[in-house]
There are 2 protein chains.
Amino acid sequence: MPRTPNDAATPRRRTTIYDIARTAGVSAAAVSLALNQPGRLSADSERRILAVADELGYRANPFARAVATGTTQLIGLLVHDSANPVFAGAVRGVTDAAAKVGYTVVVSDTHDLATPVTTILERLLPLVDGAVSCSARVTPEALATVGGTPIVLVNREVAGRDSVIPDVRAATRAAIELLVGRGHRDLGFIAGPQDSWLSGYRLALLEREVAASAARLQVVASVEPTIDGGREALAQLEGRCTAVLTFNDLIAFGVLLEARDRGLRVPEDLSVVGFDDTFAAVLVTPALTTISTELEQASRLATVRLLAGLGHPNSDPDARIEGRLTVRDSVGAGPHR
Amino acid sequence: MPRTPNDAATPRRRTTIYDIARTAGVSAAAVSLALNQPGRLSADSERRILAVADELGYRANPFARAVATGTTQLIGLLVHDSANPVFAGAVRGVTDAAAKVGYTVVVSDTHDLATPVTTILERLLPLVDGAVSCSARVTPEALATVGGTPIVLVNREVAGRDSVIPDVRAATRAAIELLVGRGHRDLGFIAGPQDSWLSGYRLALLEREVAASAARLQVVASVEPTIDGGREALAQLEGRCTAVLTFNDLIAFGVLLEARDRGLRVPEDLSVVGFDDTFAAVLVTPALTTISTELEQASRLATVRLLAGLGHPNSDPDARIEGRLTVRDSVGAGPHR
DNA sequence: TTGAAAGCGCTAACAG
DNA sequence: CTGTTAGCGCTTTCAA
C-alpha cells in the first residue's frame, strides 16, 4: 500500500470516546450512553461528559458505529443519468425525506455503460441501510444478484420489491384529448431504449387512451433518452404522424432542435408532447407541452416508504402521486379540424 | 431504538470471513490475505479460500474494513445545487476520476439553506477520505470548523487549501472583444449572490478586460443564480446597458425569458452572454453565447489532485484548464457600429 | 447510576 | 508461508 494519508504534518488521530472518558474520569461506556441516550446517566455526569466531548471537538466515527450496530444511517439513491434535469428532482426528494430522520444520502449515477450495474449495486448497497432506485438500469436481473438490502423502486415494477409509480393515466388521457381535439389523428410515439420498462409503461398507457379515441398511434422510433436521441428520431417521423409524444423531455428537445434545423415548423407542421416537465420545457421555443411525472414527489415517497420499513415511520407512506399535463405552445392544430 | 431492519423473514446475517475460514479450514487472517493480497498465500489455499468465499456469496463489510484501516475508499463531492445542470458535469468528472482508482463518490447538495453548511460538512467528512467542493457555500469560515479531512476546492481560493480554478481570462477577453467589436460600449454584469467568491472573481476578470477596451462595465444587479434570479434582474437593466453578461447560464435564461415577456428583443435590443455553457444554452432562442467554465474537467482535476494526496497518483495533477467562448445568437450589433 | 467486558467484521503485526 | 493475537472505535448486555 502506498504512503498513508497522514504523511505530512497532519496530527490526524481523532478524539475518541476513550479520550473523553479519560479526561472526564468515567468509562467509555458512560460516554457512549451520554452521547446517545440522553437522560440515561445522572444529569451531572451527562453534562460533564458532553462538555468534555465538545471541548475536545469530538466527532463520532460513523464506521465504528456501523460495525457495532449494523446500521449506517445512510441510504442510497440510484439515478439513471444525472445530466437529465429530471433527476435533480429525485435527489431533492430523497434528500429531503432522508434528512427528516437524520439519514444521509449517497447518490450513484448508473449512466456509465462501461460499469455493469451489478458492480454499482455491489459497491453502493453494502454501504447503506436501504436504497431508492430511479434508474432504468436497475433491472430485475440486476436486483436478483444483490443481497438483502431493501430497495424501493421508482417507475419500475419488480416482483417482490416495493415500488412507486406516479399515476400519469389521467394526464396521458388529457394529452390525447388535447391532440385529438386539436385535429390530430395520426400520433407517433418516440420510445426510449427498447429495454426500458418505463418507456413500455408509458406506451401502454398511451395505447390504451388512444384506443378509446378517434386517433391512431404508432411507435415511430426507439432512441436513447437524450437530446441527440431526439434529433435522430425526427428523421423517422416524416409523413407518419402530425403529432408526436416522446418518452421524455430530452427527446422532445432534440426533436424541436432538429425540426428547426430541417425547416420543419413546430407546432404548425408537427406537434410535440414530452414527459417529465423539466425546467427547460419553458426554455425552448415553442415552449414544450409536457406531462409532469413528479419524480421529486415520487422519490420522496419512495424514501418515506423505505425508511418506514427501516423503522422510521414518517409522513404518509400511502400517498398517491399523479402526473399533470401542462399545455404550452408545442401543440397546434392538426389536419382534421 | 425501533424495530430492527430484519424483523420479517429476513435471514439477514451476512457471511463473514469467519464463516469462510471455518468452512475452508483456515484462519480468518488467511481469508483476509487471500482476499486482499493475491499471491500472499500458497496458490492452493488461495484458490480454495476464494472458491468458498464465492460459494458463500461473501461481500466484504466496508465498515469493518474502514474501522480497521482508517480509510474508506469514499470521496465526497459537494455541489451547490444539483438543479443547476452545470453540476451534473461535476458529478461526472469526480465520479470518473474516482472510479479509476476504485473510489466511490458520495454527493451532497448544499442548496438547502435550512441546513447549515457546517452540518452538511460534519455529516459528510467523517464518511470520506477526502472531498471535492464545488459549492459556493463552502466558505473559509465553514472550512475552518472542519477537521483534517483533505478537501480540494473548485472555483474558490482559500488559504491553505488546494484549489482548481479554470482559467477563463482569455475567454472573458474574447467575450468583451466580441461585444465591443459589435458596437457595444455600455456593458452590464448581473452578479450572483453578494457573497459569492466566484461571482466576484468573474467580475474582477471582466473589469480588467473592460478597462483595456473602449467600453464601460457596471454591475446592474446581484441575484440568486437561478432562472428566477435572472428574471428579477432584467428590470434593473433598462437603459443602463446594451449588452449584459451574467454570472451563470441560469441567470441568462431568466433574462431571456423575462425579456421576451416584456417585449424586449434579444439580441436587437439587448445582447446577452452567460457563463457555464450548460446544455440548455442551445435550447433557448436565441441560442445563448456563453463562456464554458469546464466544471467537469475542473472537478476531474480536483479529484486527481485529491487522490494524489491520498496516495493514489493518477493522471497529471498539474493540467491547466481553460474556458472557451462559444458564440451563438444572443449577441447582436450595438449602437456604436 | 455506572463500569467491565464482550463483540461487530476486518486488518496487520508478529510469531511460528 | 501461515496462523495467532491484538486491536480499530463504538455499542450493549450484564453486574456491581
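Criteria and cut-off values
Residues numbered from 1 in each chain as written. Chains lettered and ligands numbered in written order. Predicted model: local features only at pLDDT ≥ 70, side-chain atom pairs only at ≥ 80, totals over all residues. Heavy atoms only, no water. Polar contact = N/O pair within 3.5 Å; in protein donor to acceptor, adjacent residues only side chain to side chain. Helix = DSSP H or I, 4+ residues; strand = E, 2+ residues; numbered from the N terminus. Near = heavy atom within 4 Å. Nonpolar A, V, L, I, M, F, W, Y, C, P; charged D, E, K, R; others polar. Least-squares fit on C-alpha atoms with pLDDT ≥ 70 in both. Contact = heavy atoms within 4.5 Å. Domains from an automatic or database assignment. Buried area = accessible area lost by both parts, 1.4 Å probe. Salt bridge = Lys/Arg side-chain N within 4 Å of Asp/Glu carboxyl O.

Trainee: What is the right way to look at helix α4 (residues 62–69) of chain A in this model?
Mentor: Since there are 3.6 residues in each turn of an α-helix, residues three or four apart along the chain are aligned in direction. With a side-chain oxygen positioned 2.8 Å from the backbone nitrogen of A:Phe63, the residue opening α4(A) is A:Asn61. Phi for A:Gly70, located one or two positions after α4(A), is positive at around 80 degrees.

Trainee: For this particular structure, what's the right way to read the protein's contact with DNA strand D?
Mentor: With respect to spatial proximity, 24 residues lie near DNA strand D, and among them A:Ile17, A:Tyr18, A:Tyr58, B:Arg40 and B:Ser42 are the closest. At the protein interface, 64% of the atoms of DNA strand D within 4 Å belong to sugar or phosphate. Between DNA strand D and the protein, one listed contact pairs a phosphate oxygen with a backbone N or O atom of A:Asn61 at 3.3 Å. Within the side chain of B:Ser45, an N or O atom sits 3.3 Å from a phosphate oxygen of DNA strand D. Of all elements in the fold, only α1 (17–24), α2 (28–36) and α4 of chain A together with α2 (28–36) and α4 (62–69) of chain B reach the threshold of two or more residues within the surface near DNA strand D. Residue contributions to the surface near DNA strand D peak at five residues, all from α4(A). Per-class residue counts for the surface near DNA strand D are 14 nonpolar, eight polar and two charged.

Trainee: Would you mind showing me how to read the protein's contact with DNA strand C here?
Mentor: Around DNA strand C lies a shell of 24 residues, among which A:Ser42, A:Ser45, B:Ile17, B:Tyr18 and B:Tyr58 are the nearest. In DNA strand C, atoms within 4 Å of the protein come 72% from sugar and phosphate. One of the backbone N or O atoms of A:Val67 is found 3.4 Å from a base oxygen in DNA strand C. Where the surface near DNA strand C is concerned, the elements lending two or more residues are α2 and α4 of chain A together with α1 (17–24), α2 and α4 of chain B. If one sorts the elements of the surface near DNA strand C by residue count, α4(B) sits on top with five residues.

Trainee: What's the story with the relation of the copies chain B and chain A in this structure? I'm lost.
Mentor: Note: a rotation about an axis with an accompanying shift along it relates these two copies of the chain. Aligned on chain A, chain B shows an RMSD of 0.1 Å; the corresponding rotation is 180 degrees and the shift along the axis is 0.0 Å. In short, the pair behaves as if placed about a two-fold rotation axis. A shared interface surface links the copies, since 100% of the contact residues of chain B are contact residues in chain A too.

Trainee: What's the story with the domain arrangement of chain A in this structure? I'm lost.
Mentor: Note on interface size: it is often stated as the accessible area lost on association of the parts. All names here are of chain A. The domain boundaries assigned to chain A delineate domain 1 (5–59), domain 2 (74–165 + 296–309) and domain 3 (169–293). The C-alpha centroid of domain 3 is placed 27 Å from the C-alpha centroid of domain 2. Contacts between the two partners involve seven residues from domain 2 and, on the opposite side, eleven residues from domain 3. For the pair domain 2 and domain 3, the summed buried area comes to about 890 Å², and 66% of that belongs to carbon and sulfur atoms. Counting across the interface, domain 2 meets domain 3 through zero salt bridges. Classifying every residue of the side of domain 2 that touches domain 3 by side-chain character gives three nonpolar, two polar and two charged.

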